[in-house]
Amino acid sequence: MSITFYYAPQSSAGRISVSLAELDVPHEAVRFDLRAGDQKKPDFLALNPNGKVPTVVIDGTPVFESVAIQIALGERYGVQKGLWPAAGTPEQLTALTWLVWGQVSLTGALFRYMANTSEYFPKEMHNEKQAEHTLAELHGLLRILDSRLDGRPYVTGERCTLVDLDLASVLGWGLMAAKIDFAELKNLKGWLGRIMERPAVKKAMAET
Ligand SMILES: N[C@@H](CCC(=O)N[C@@H](CS)C(=O)NCC(=O)O)C(=O)O
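What counts as what
- Residues numbered from 1 in each chain as written.
- Predicted model: local features only at pLDDT ≥ 70, side-chain atom pairs only at ≥ 80, totals over all residues.
- Heavy atoms only, no water.
- Domains from an automatic or database assignment.
- Contact = heavy atoms within 4.5 Å.
- Buried area = accessible area lost by both parts, 1.4 Å probe.
- Near = heavy atom within 4 Å.
- Polar contact = N/O pair within 3.5 Å; in protein donor to acceptor, adjacent residues only side chain to side chain.
- Areas by Shrake-Rupley, 256 points an atom, 1.4 Å probe, with all protein chains shown as cover.
- 1 Å grid on protein atoms, 1.4 Å probe; cavity = no way out; pocket = protein on both sides within 12 Å on 5 of 7 lines; lining within 4 Å.
- Sits in = over half its atoms within 2 Å of the grid points.
- Nonpolar A, V, L, I, M, F, W, Y, C, P; charged D, E, K, R; others polar.
- Points joined across faces, edges and corners; volume = space filled by probe spheres on them.
- Helix = DSSP H or I, 4+ residues; strand = E, 2+ residues; numbered from the N terminus.
- Buried < 20%, exposed > 50% of the residue type's maximum accessible area, 1.4 Å probe, protein only.
- Lys, Arg positive; Asp, Glu negative; His and termini not counted.
- Salt bridge = Lys/Arg side-chain N within 4 Å of Asp/Glu carboxyl O.
- Core = buried A, V, L, I, M, F, W, Y, C linked by side-chain atoms within 4.5 Å.
- Axes fitted to C-alpha atoms, helices over the stretch in contact; angles between N-to-C directions.
- Parallel < 35°, antiparallel > 145°, perpendicular 65-115°, else oblique.
- Expected span 1.5 Å × (residues − 1).
- Bend = angle between axes of the 7 residues up to and from the residue.

## Side note on the domain arrangement of the chain
Put simply, an interface is often sized by how much accessible area is lost when its parts join up. Partitioning the chain into domains gives domain 1 (3-83) and domain 2 (90-198). Domain 1 and domain 2 are separated by 21 Å when their C-alpha centres are compared. Taken together, the 15 residues of domain 1 in the interface contact 15 residues of domain 2. Contact between domain 1 and domain 2 buries roughly 1300 Å² in total, counting both sides, with carbon and sulfur atoms accounting for 59%.

## Considerations on the site of the ligand
In the vicinity of the ligand, the contacting residues are Ser11, Ser12, Gln39, Lys40, Gly51, Lys52, Val53, Pro54, Glu65, Ser66 and Gln103. A distance of 2.7 Å separates an oxygen atom of the ligand from a polar atom in the side chain of Lys52. At 2.8 Å from a nitrogen atom of the ligand is found a main-chain nitrogen or oxygen belonging to Val53. About the coverage of the ligand: the protein hides 73% of its 520 Å² of free accessible area. Counting atoms within 2 Å of the grid points, the majority share of the ligand lands in the largest pocket. Of the residues assigned to the shell around the ligand, the class counts are two nonpolar, six polar and three charged.

## Things to note about the layout of surface pockets
Roughly 1300 Å³ of internal volume is contained in the largest pocket. Taken together, 36 residues form the lining of the largest pocket, with Gln10, Ser11, Ser12, Leu34 and Phe111 sitting closest to its centre. Contributions of two or more residues to the lining of the largest pocket are made by α1 (13-23), α4 (90-117) and α6 (162-177). At five residues, the largest contribution of residues to the lining of the largest pocket is made by α6.

## Some words on the side chain of Asp146
Within the secondary structure layout, Asp146 lies in helix α5 (residues 128-148). Despite its burial, Asp146 pairs with no opposite charge, the nearest such side chain being Arg143 at 8.4 Å. Here the side chain of Asp146 touches Asn187 through a polar contact of 3.0 Å, landing on its backbone nitrogen. Excluding residues that lie within four positions of it along the chain, Asp146 makes contacts with Leu185, Lys186, Asn187 and Leu188.

## Comments concerning the nonpolar core
Among the nonpolar cores identified, the biggest contains 63 residues, and Leu106, Leu142, Leu145 and Trp191 are the most heavily contacted of them. Both of domain 1 (3-83) and domain 2 (90-198) provide at least three residues apiece to this core. Those residues in contact with Trp191 that sit more than four places away from it in its chain are Leu145, Leu149, Pro153, Tyr154, Val155, Asp164, Leu167, Ala168 and Leu171.

## Points about the side chain of Thr4
Within the fold, Thr4 resides in strand β1 (residues 3-7). The residues contacting Thr4, other than those within four sequence positions of it, are Glu28, Val30, Thr55, Val56 and Val57.

## Concerning the packing of α6 against helix α7 (residues 186-196)
Two elements in contact, α6 and α7, have axes whose closest approach is 10 Å; the angle formed by their N-to-C orientations is 100 degrees. By the angle between their axes, α6 is roughly perpendicular relative to α7. Two secondary-structure elements touch here, α6 through Asp164, Leu165, Leu167, Ala168, Ser169, Leu171 and Gly172 and α7 through Trp191, Leu192, Ile195 and Met196. Each residue belonging to the contact of α6 with α7 can be placed in one class, and the counts come to eight nonpolar, two polar and one charged.

## Observations concerning α6
Taking 1.5 Å of rise per residue, the 16 residues of α6 would be expected to cover 22 Å, and the 22 Å separating its terminal C-alpha atoms lies within 8% of that figure. The sharpest bend along α6 reaches about 25 degrees and sits at Leu171. Counting buried residues in α6 gives 13 out of 16 residues, a clear majority hidden from the surface. Two residues or fewer past α6, Lys179 is found with a positive phi of approximately 55 degrees.

And the structure:
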């Protein structure tokens, strides 16, 4: 099986770097400079018409959207490594649920909040009411994750899966970048600390 991974440092591709490192999957990594516009070149647009990273090509087939990539990697390599539940099990349904929740609900709210507050986005895009609204939404979602982790070491249960790695790689960077105080969410804080200490995660985060 051949895998080419298109990424850029400090981007959503970090989530996939973490998974590839944990799964120990041999791949060719192609580094993009987003400011230089590598992602908008015709050859790459033919793979991903959105012109975004992460994108992977698995045996000649392009896959984009980080959740789709996580599922593809989980199915191919994760079951054997104990990082993704087997097809057709209740655990797999739970993993899919929280993985998609992490991207659609949690990451969606985090990015909407950042778009209205952070220096990564032009000040004229900031809207105080939107910021207030999305901050409340974000805190609500973080409380949901904290409750999920109450009495459960990992999101799907006793084992760390790609779901934990995916959520933690977004939150590890995003909560800091958005300056979100989550100190009172003890389960979430402990879980995030544990994931960030994993050697493969540390290595992937340092490299991307
Ligand atoms: N929903 C996509 C988001 C991908 C995305 O927004 N990637 C950004 C980097 S964080 C990108 O490539 N931006 C370059 C551009 O839009 O020109 C995913 O989860 O894969």
